[in-house]
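Structural description and commentary
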Amino acid sequence: MTITIATWNINSVRLRIDLVTSFLEAHRPDVLCLQEIKCVEGSFPSGAFTRLGYVHQAVHGQKGYHGVATLSRLPFAETARQGFYGKDDARHVSVVLPDRDLPITLHNFYVPAGGDEPDPAVNEKFAHKLGFLDEMRTWLTGAQTNRPAILVGDLNIAPLEHDVWSHKQLLDVVSHTPVETELLEAVRVAGGWVDAMRHFIPPEEKLFTWWSYRAQDWEASNRGRRLDHVWVTPPLKGRLLGVEVLREARGWARPSDHVPVIVRIAA
């Protein structure tokens, strides 16, 4: 028996609802966490998910931008959302899932991208990103360490050397600058989180979940980054069964620039 959770920055759920439903029909995760849904709750295509058995839905939406949604075949005990950096820009939703011992809190995050200039003094978007992460660190510090919890989503940072196609060439590029990678690691350590993807895939192995639309041939150039993450607290580390990155999804018709990541946990 397993609990299967998928996370995917879909880059507009309404535009790509056919891709999402095809993915769900093929892989049947128990829970799907979407980021960048780009619609308000009232415009979310809930019926498409209900028809596939994902009747439990927690949506935190925003018109045209951002937004997260958690769709589940398992019931929720409760749902919540958290704002960061003084903004309510629909970047977090959490649910509580039933489990054999203690219930599991599942956080779904979409961290700000941060713009192009890695200088908070001249780029408010980058200042927003750093402030968001700093508040995220404070909020998560010690809160879940001894309880089963999972954190997934597009964290918009590729923290390790082999999470990007070229460590040296991307050191000054937003998503891999030292200030970001160090702050994300501080967030992870503060909450006692285990990086589930690197638990199975060695840090010295290249691992990407995002490929830019700008590449003429994304697969041939393979200039990717690992921006999507799955973390678990220590009580769930021993129950991790595996992770899968659906690289082929980047080659689907009208794809997102991110691909789904699936984690399996012993139930």
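First, a word on scope: everything that follows refers to the structure included in this document. (Residues numbered from 1 in each chain as written. Predicted model: local features only at pLDDT ≥ 70, side-chain atom pairs only at ≥ 80, totals over all residues. Heavy atoms only, no water.)

**Observations regarding the overall build of the chain**
Broken down by element type, the chain carries seven helices and 14 strands. For a compact globule of 267 residues, the expected C-alpha radius of gyration is about 18 Å, and the chain comes in at 17 Å, within 12% of that figure. Reported as C-alpha extents along the three principal axes, the dimensions of the chain are approximately 45 × 40 × 35 Å. Sorting the 267 residues of the chain into buried and exposed places 55% on the buried side. Of the contacts formed within the chain by residues at least 6 apart in sequence, a portion of 68% connects residues at least 24 apart. As displayed, the chain has an accessible area near 11,400 Å², and 49% of this comes from carbon and sulfur atoms. Measuring between centres, the 29 positive side-chain charges of the chain sit 3 Å from its 32 negative side-chain charges. (Helix = DSSP H or I, 4+ residues; strand = E, 2+ residues; numbered from the N terminus. Rg over C-alpha atoms; globule rule 2.2 N^0.38 Å. Buried < 20%, exposed > 50% of the residue type's maximum accessible area, 1.4 Å probe, protein only. Contact = heavy atoms within 4.5 Å. Areas by Shrake-Rupley, 256 points an atom, 1.4 Å probe, with all protein chains shown as cover. Lys, Arg positive; Asp, Glu negative; His and termini not counted. Charge placed at Lys NZ, Arg CZ, Asp CG, Glu CD.)

**Examining the packing of helix α3 (residues 124–140) against helix α4 (residues 178–190)**
Closest axis-to-axis distance for the α3/α4 pair is 8 Å, and the angle between their directions is 15°. The angle between α3 and α4 falls in the class roughly parallel. Considering how the two elements wind past one another, α3 and α4 form a crossing that is left-handed. Touching Phe126, Lys129, Leu130, Leu133, Asp134, Met136, Arg137 and Leu140 of α3 are Val179, Glu180, Leu183, Leu184, Ala186, Val187 and Ala190, all from α4. Each residue belonging to the contact of α3 with α4 can be placed in one class, and the counts come to 11 nonpolar, no polar and four charged. (Axes fitted to C-alpha atoms, helices over the stretch in contact; angles between N-to-C directions. Parallel < 35°, antiparallel > 145°, perpendicular 65-115°, else oblique. Left-handed = near helix turned anticlockwise from the far one by under 90°. Nonpolar A, V, L, I, M, F, W, Y, C, P; charged D, E, K, R; others polar.)

**Observations regarding the packing of aromatic side chains**
Summed over all chains, the structure comprises 11 aromatic pairs. Ring geometry for Phe84 and Phe132: centres 4.7 Å apart, planes at 45°, overall tilted. Within this pair, whereas Phe84 is found in the loop between β5 (78–80) and β6 (92–97), its partner Phe132 is found in helix α3, the two being separated by 48 residues in sequence. Here the two residues Phe84 and Phe132 agree in accessibility, since each one is buried. Judged by centre distance (6.4 Å) and plane angle (40°), the ring pair of Trp193 and Trp231 falls under tilted. Residue Trp193 is located in the loop between α4 and β9 (194–195), and its partner Trp231 is located in strand β12 (residues 228–232); the two are separated by 38 residues in the primary sequence. By relative accessible area, Trp231 is classed as buried at 2%. Joined through ring pairs, the aromatic side chains of Phe84, Phe109, Phe132 and Trp139 make up one cluster. The ring of Trp165 carries Arg223 above its face, with NZ or CZ at 4.1 Å from the centroid. (Phe/Tyr/Trp six-rings, centres within 6.5 Å; stacked < 30°, edge-to-face > 60°. Lys NZ or Arg CZ within 6 Å of the ring centre and 35° of its normal.)

**Considering the side chain of Arg198**
Structurally, Arg198 is set in helix α5 (residues 196–200). Residue classification places Arg198 among the buried positions, given a relative accessible area of 10%. Apart from residues no more than four positions distant in its own chain, Arg198 is found in contact with Leu160, His162, Asp163, Pro203, Glu205, Lys206, Leu207 and Arg226.

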